[in-house]
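Summary of structural features
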Amino acid sequence: MAKPAISLAADWQRASVVTLPPLLQGWLMEPASLTARLKRRARDFKLQVLQQQQHELPAYLQALLPDTHLAQCREVLMSCNALPCVYAQSWLPLQTLAALQPLAALGEQPLGEVIFQQKNVIRSAVEVARVQLQQPLATTVASGEYWARRSVFTLAGHPLLVAEVFLDGVLAL
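Just so you know, the residues in each chain are numbered from 1, in the order the chain's sequence is written. For a predicted model such as this one, the threshold for reporting local features is a pLDDT of at least 70, and the threshold for listing and counting side-chain atom pairs is 80 or more; totals across whole chains, interfaces and linings nevertheless cover every residue. Values reported for side chains reflect all heavy atoms of the structure, with hydrogen atoms and water molecules removed beforehand.

**Brief notes about the pairing of strand β6 (residues 127-133)**
- Only protein chains enter the accessibility calculation, which uses a 1.4 Å probe; a residue whose area is less than 20% of its type maximum is buried, one above 50% is exposed, and one in between is partly exposed. Helix and strand assignments follow DSSP, with helices taken as H or I runs no shorter than four residues and strands as E runs no shorter than two, numbered in order from the N terminus. Counting buried residues along β6, five of its seven residues qualify, which places the element largely inside the surrounding structure.
- Of the strand pairs in this sheet, strand β1 (residues 13-14) and β6 are connected by two bridges, and their pairing is antiparallel. Bridging from a neighbouring strand, Arg14 pairs with Glu127 of β6.
- Pairing of β6 with strand β7 (residues 144-155), which is carried by seven bridges, proceeds in the antiparallel orientation. Of the residues in β7, the one forming a bridge with Val131 is Tyr146. Strand pairing requires that DSSP identify at least two bridges connecting the strands.

Shown next as structure tokens:
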């Protein structure tokens, strides 16, 4: 089992108490679908599934998804106009996948498109952090530190965690 490309073990803080970089503030605080915003800004949107497999939930995520031992970790790279813009990592507890079958068979469909079509979606407060990319995700994405956001969505009483890392390509949109 390959480890996720980016570790979410970071110093997460509520976005409301952090001074955010002006160029990324709108992206980090986007209240609606990030996928929809990317598609509105780009001529060409592409989602690439990097990996999707079952993992034990890391200890640093257990407080966010209590009573979860196993989860599907899904990693995707969203590109706009051939530039990598957002790396997204989602953690879907197995009980969430069992209850919400469309989430189990997303393929190349963005998770955000499914989440924001649901009724009664509850979203936790957005938290932000700087996360470290140890090795390139693609030839055009350098190793280094990037701003990220995360939140827990609850759909029909079932939680899932979504974290998005904003790559340099998003600044071109």
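**Here we look at helix α2 (residues 34-41)**
- For α2, every residue scored as buried is listed here: Leu34, Thr35, Arg37 and Leu38. Down the axis of α2, the buried side of the element spans an arc of 160°, and every buried residue falls inside it. Directions from the helix axis toward the C-beta atoms define the arc.

**Let's talk about the nonpolar core**
- Residue types Ala, Val, Leu, Ile, Met, Phe, Trp, Tyr and Cys, when buried and joined through side-chain atoms within 4.5 Å, form a set referred to as a nonpolar core. Ranked by internal contacts, the top residues of the largest apolar core, which has 23 residues, are Leu8, Tyr87, Trp91, Leu137, Leu161, Val165 and Leu167.
- Every element with two or more residues in this core is listed here: β3 (70-80), β4 (83-93), β6, β7 and β8 (158-166).
- Apart from the residues lying within four places of it in its own chain, the contact partners of Val165 are Ile6, Cys85, Val86, Tyr87, Val131, Tyr146, Trp147 and Ala148.
- Formed by 20 residues, the second largest nonpolar core is a distinct cluster that contains Leu38, Ala42, Met78 and Ala88. Between two residues, a contact is recorded if the distance between any of their heavy atoms is within 4.5 Å.

**A look at unusual backbone geometry**
- Positive phi outside glycine occurs at Asp67, with the angle close to 65°.
- Note on placement: Asp67 falls in the loop between β2 (45-56) and β3.
- Positioned with a positive phi, Ala156 is a non-glycine residue whose angle comes to about 50°.

**Quick notes on the pattern of salt bridges**
- Between Lys or Arg on one side and Asp or Glu on the other, a salt bridge is scored when a side-chain nitrogen of the former is within 4 Å of a carboxyl oxygen of the latter. Following the criterion strictly, the structure yields five salt bridges and no others.
- Across the salt bridge formed by Arg130 and Glu145, the nearest N and O atoms sit 3.3 Å from each other. With Arg130 in strand β6 and Glu145 in strand β7, this residue pair connects regions lying 15 residues apart in the sequence.
- A residue is classified by how much of its surface remains accessible, and Arg130, at 36% relative accessible area, is partly exposed.

**A look at the packing of aromatic side chains**
- Any two of the Phe, Tyr and Trp rings considered here, Trp counted by its six-membered ring, make a pair once their centres fall within 6.5 Å; the pair's planes then place it as stacked at under 30 degrees, edge-to-face at over 60, or tilted in between. Summed over the entire model, instances satisfying the criterion amount to one aromatic pair.
- A ring pair is formed by Phe116 and Phe153, whose centres lie 5.8 Å apart and whose planes are at 80°; its orientation type is edge-to-face. With Phe116 in the loop between α4 (111-115) and β5 (122-123) and Phe153 in strand β7, this residue pair connects regions lying 37 residues apart in the sequence.
- Sitting over the ring of Trp27, Arg37 keeps its end group 4.2 Å from the ring centre. Two limits define a charge over a ring: the Lys NZ or Arg CZ must be within 6 Å of the ring centre, and within 35 degrees of the ring normal.

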